[in-house]
Amino acid sequence: QVQLVESGGGLVQPGGSLRLSCTASGFTFSSYGMSWYRQAPGKERELVAAITSADGSTNYADSVKGRFTISRDNAKNTVYLQMNSLKPEDTAVYYCNARRYRNGVAFAYWGQGTQVTVSS
């Protein structure tokens, strides 16, 4: 069965750091682009960061540039999100996403999410 399991969420003070992990199973991880989304209560889910399967190029939301870093370890089937200088506005459920396009067909999977709360 396809699974994306997020971990590393929790409560952190403003200015603190947190490292999220997403471990995949049930599909060929190295063939999928990986990304992190987040959703705060009452708000739309938004893309936070993405990393490609090919050359490992990255993309970040403007709100997290310079603070967050996405990386992947294909040998461990894991994608990470290092979050530094956290702000209260970063509070959300963070979701791991895997996506692959083959012959015009999209394959995508979502994790269950992990809660990140930034508060004093």
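These notes cover the structure that comes with them. Remember, predicted model here, so these are calculated numbers, not experimental data.

What to know about the overall build of the protein chain
Okay, step 1: Looking only at helices and strands, the protein chain features zero helices and eleven strands.
Okay, step 2: The linear arrangement of helices and strands in the protein chain, starting from the amino end, is β-β-β-β-β-β-β-β-β-β-β.
Okay, step 3: Against the compact-globule benchmark of 14 Å for 120 residues, the protein chain has a radius of gyration of 14 Å, which places it among compact chains.
Okay, step 4: Dimensions along the principal axes, computed over C-alpha positions, put the protein chain at roughly 45 × 25 × 25 Å.
Okay, step 5: Taken over 120 residues, the protein chain has a buried fraction of 38%.

Notes on the sheet that holds strand E1 (residues 3-7)
Okay, step 1: Taken in spatial order, the four strands line up as E1-E3-E8-E7 in an open sheet, and their pairing is antiparallel. This sheet does not close on itself; its edge strands, each paired only once, are E1 and strand E7 (68-73). Shown here is a sheet whose adjacent strand axes are inclined to one another by a mean of 15°, direction ignored.
Okay, step 2: Sheet topology places E7 next to strand E8 (residues 78-83); six bridges connect them, and they run antiparallel. If you follow isoleucine 70 over to E8, its bridge partner there is leucine 81.

Remarks on the state of the cysteines
Working definition of a disulfide: a covalent bond connecting the sulfur atoms of two cysteines.
Okay, step 1: In the structure shown here, the tally under the stated rule is one disulfide.
Okay, step 2: Between the sulfur of cysteine 22 and that of cysteine 96 lies a disulfide, 2.1 Å long from S to S. Disulfide cysteine 22-cysteine 96: torsion about the S-S bond near -80°, hence left-handed. With cysteine 22 in strand E3 (residues 18-25) and cysteine 96 in strand E9 (residues 92-102), the pair connects residues that are 74 residues apart, well separated along the chain.
Okay, step 3: A residue is classified by how much of its surface remains accessible, and cysteine 22, at 0% relative accessible area, is buried.

Focus on the side chain of serine 35
Okay, step 1: Within the secondary structure, serine 35 sits in strand E4 (residues 33-39).
Okay, step 2: Given the relative accessible area of 5%, serine 35 is considered buried.
Okay, step 3: Each residue touching serine 35, except ones within four places of it in the same chain, is listed here: Leu47, Ala49, Ala50, Ile70, Tyr95, Cys96 and Asn97.

With respect to the pairing of strand E5 (residues 46-51)
Okay, step 1: Across five bridges, the pairing between E4 and E5 is antiparallel. Across the sheet, serine 35 pairs through a bridge with alanine 50, a residue of E5.
Okay, step 2: Joining the antiparallel neighbours E4 and E5 is a turn of six residues, in which glycine 42 adopts a positive phi near 75°.
Okay, step 3: Counting the residues in the hairpin turn of E5 and strand E6 (residues 58-60) gives six residues, including glycine 56, whose phi is positive at 75°.

The rules behind the values
Residues numbered from 1 in each chain as written. Predicted model: local features only at pLDDT ≥ 70, side-chain atom pairs only at ≥ 80, totals over all residues. Heavy atoms only, no water. Helix = DSSP H or I, 4+ residues; strand = E, 2+ residues; numbered from the N terminus. Rg over C-alpha atoms; globule rule 2.2 N^0.38 Å. Buried < 20%, exposed > 50% of the residue type's maximum accessible area, 1.4 Å probe, protein only. Pairing = 2+ DSSP bridges. Axes fitted to C-alpha atoms, helices over the stretch in contact; angles between N-to-C directions. Disulfide = S-S within 2.5 Å. Contact = heavy atoms within 4.5 Å.

Remember that the coordinates give geometry; whether it matters functionally is a separate question.
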